[in-house]
Amino acid sequence: MIKKAVIPAAGFGTRFLPAAKSQPKEMLPIVDTPVIQFVVEEAVASGITDILMVIGKGKRAIEEHFDRNFELENELEEKNKVEELNLMRRISNLAEVHFVWQKELKGLGDAIYCARHHVGDEPFAVLLGDTIIESENPVTLQLMKAFERYRECMVALEEVDRAKVERYGVISGREIEPSVFLIDDFVEKPSPKDAPSNLAIAGRYILTPDIFDTISKTDYGKNNEIQLTDAMRKLVAERAMYGLKFKGRRHDIGNKLDFIRTNIWYALKRDDMKDEIKEFMARILSGDDSPF
Ligand code: UTP
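Residues numbered from 1 in each chain as written. Predicted model: local features only at pLDDT ≥ 70, side-chain atom pairs only at ≥ 80, totals over all residues. Heavy atoms only, no water.

This part covers the environment of Val 44. Here Val 44 shows up in helix α1 (residues 35-45). On the basis of relative accessibility, which here comes to 25%, the residue Val 44 falls in the partly exposed class. A C-alpha to C-alpha distance of 39 Å links Val 44 and Ile 284, two positions 240 residues apart in sequence. Setting aside its immediate chain neighbours within four residues, Val 44 contacts Ile 51, Leu 94 and Ala 95. (Helix = DSSP H or I, 4+ residues; strand = E, 2+ residues; numbered from the N terminus. Buried < 20%, exposed > 50% of the residue type's maximum accessible area, 1.4 Å probe, protein only. Contact = heavy atoms within 4.5 Å.)

Below you can see the structure in the form of structure tokens.
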């Protein structure tokens, strides 16, 4: 049973400047909850008890978010804000959270490599810290269940619009049972006409520990970074690797448009604000230039 998860959250977030200059993009809120808290909640709901976050310069707010804040708790207690107090305590008790520093930001592959001592010799989950996947059944758990059957690396796959495949890493492979693919290669950002499929790698993985050795032998690739996809490409040449077309909806918070869309989407699910948001949007769409 997989108990450990790695959450890479050290990246610069250049697509989200200037907001990401001095604060982690992973701490940007969806309504009132930081993106990375959704990610941790998914891991915990999947049965993960040990989480390693890979962080770097300017990312201390992530540590503080998952630590206890006794001053704040005392303040909430004194003011009898019980609901908020319970929420604060729940966040710091979600899981055993550890941190490791990626000293030089050399890419996602390198970020995963920083987890090698903590993970040891067992399969583990990876959840990108800037990607929320909304689903009834947590996607990491969907991957873990599939992993139990195949015992090889399992990558979450999302069907994307063929015209947009050049934004993603996609797989080539064949479906061996409904929603499970035996992967034979990965292609980074192909043009729609050359793409072997429209199945994109979606920010959740179960990896076997031999990935560490493979990453150590992977050269710098695109953007002069050590790419996880390049390491997986090497590994898939040596052993079987699978992809699971998950049930759920992915939100990549690392780009501004998806961030805004996701905020609206989640705000519309909230009983305390959905009616007012709908009214506000209706006023904007009807051309009202003072909808506030
Ligand atoms: P991205 O591909 O979004 O890269 O990383 P980035 O550098 O954070 O953002 P852009 O592209 O410059 O806007 C996906 C996840 O991997 C982490 C990021 O923090 C993010 O959660 N990551 C990326 C690392 O931990 N280390 C790295 O060197 C690169």
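Read on for the rest.
On strand β7 (residues 131-134), burial covers both faces: Thr 131 and Ile 133 on one face and Ile 132 and Glu 134 on the other are all buried. The pairing of β7 with strand β13 (residues 249-252) spans 4 bridges and is classified as antiparallel. The partner of Ile 132 across the bridge, within β13, is His 251. (Pairing = 2+ DSSP bridges.)

This next bit is on the packing of aromatic side chains. All told, the structure shown has 5 aromatic pairs when counted by the stated rule. Arranged with centres 4.4 Å apart and planes meeting at 35°, the rings of Tyr 150 and Tyr 242 form a pair that is tilted. Of this pair, Tyr 150 sits in helix α7 (residues 139-150) while Tyr 242 sits in strand β12 (residues 242-245), and the two are 92 residues apart along the sequence. Summarising the burial analysis for this pair, Tyr 150 and Tyr 242 share the class buried. (Phe/Tyr/Trp six-rings, centres within 6.5 Å; stacked < 30°, edge-to-face > 60°.)

Opposite charge on two side chains lets them pair, provided their charged atoms get close. Applying the stated criterion across every chain, the model contains 27 salt bridges. Here Arg 68 makes a salt bridge to Glu 73, at a shortest N to O gap of 2.6 Å. A relative accessible area of 37% places Arg 68 in the partly exposed class. Accessibility expressed as a relative area gives 2% for Glu 73, which makes it buried. As a salt-bridge pair, Arg 249 and Glu 134 come within 3.6 Å of each other at their nearest N and O atoms. Within this pair, whereas Arg 249 is found in strand β13, its partner Glu 134 is found in strand β7, the two being separated by 115 residues in sequence. Note on Glu 134: relative accessible area 16%, which makes it buried. Residues joined by salt bridges that share partners form a network here, namely Arg 68, Glu 73, Glu 77 and Arg 89. (Salt bridge = Lys/Arg side-chain N within 4 Å of Asp/Glu carboxyl O.)

In total, this model carries 0 disulfides according to the counting rule given. With no disulfide partner, Cys 153 has as its closest neighbouring cysteine sulfur the one in Cys 114, 18 Å distant. The class for Cys 153 is buried, based on a relative accessible area of 1%. (Disulfide = S-S within 2.5 Å.)

Following the sequence through the fold, Thr 229 ends up in helix α9 (residues 228-236). Among the polar contacts listed, one links the side chain of Thr 229 to the side chain of Glu 188, at a separation of 3.3 Å. The contacts of Thr 229, once residues within four sequence positions are left out, are Phe 186, Glu 188 and Ile 201. (Polar contact = N/O pair within 3.5 Å; in protein donor to acceptor, adjacent residues only side chain to side chain.)

Another point: the site of the ligand. If you check the shell around the ligand, you find 18 residues, and the closest are Gly 11, Thr 14, Arg 15, Glu 26 and Gln 102. Gly 11 is positioned such that a nitrogen or oxygen atom in its backbone is 2.8 Å from an oxygen atom of the ligand. Within the backbone of Phe 12, a nitrogen or oxygen atom sits 3.4 Å from an oxygen atom of the ligand. Considering the ligand on its own, with 560 Å² of exposed area, one finds that the protein chains cover 84% of that surface. Taken together, the residues of the shell around the ligand sort by class into 7 nonpolar, 6 polar and 5 charged. (Near = heavy atom within 4 Å. Areas by Shrake-Rupley, 256 points an atom, 1.4 Å probe, with all protein chains shown as cover. Nonpolar A, V, L, I, M, F, W, Y, C, P; charged D, E, K, R; others polar.)

Moving on: the packing of helix α3 (residues 70-78) against helix α4 (residues 82-92). Remark: α3 packs on α4, axes separated minimally by 8 Å, with the N-to-C direction vectors making an angle of 155°. As far as their axial angle goes, α4 and α3 are roughly antiparallel. For the element pair α3 and α4, the recorded crossing hand is left-handed. Listed contacts from α4 to Leu 72, Glu 73, Leu 76 and Glu 77 of α3 are Glu 84, Leu 85, Met 88 and Arg 89. For the contact of α3 with α4, the per-class residue count stands at 4 nonpolar, no polar and 4 charged. (Axes fitted to C-alpha atoms, helices over the stretch in contact; angles between N-to-C directions. Parallel < 35°, antiparallel > 145°, perpendicular 65-115°, else oblique. Left-handed = near helix turned anticlockwise from the far one by under 90°.)

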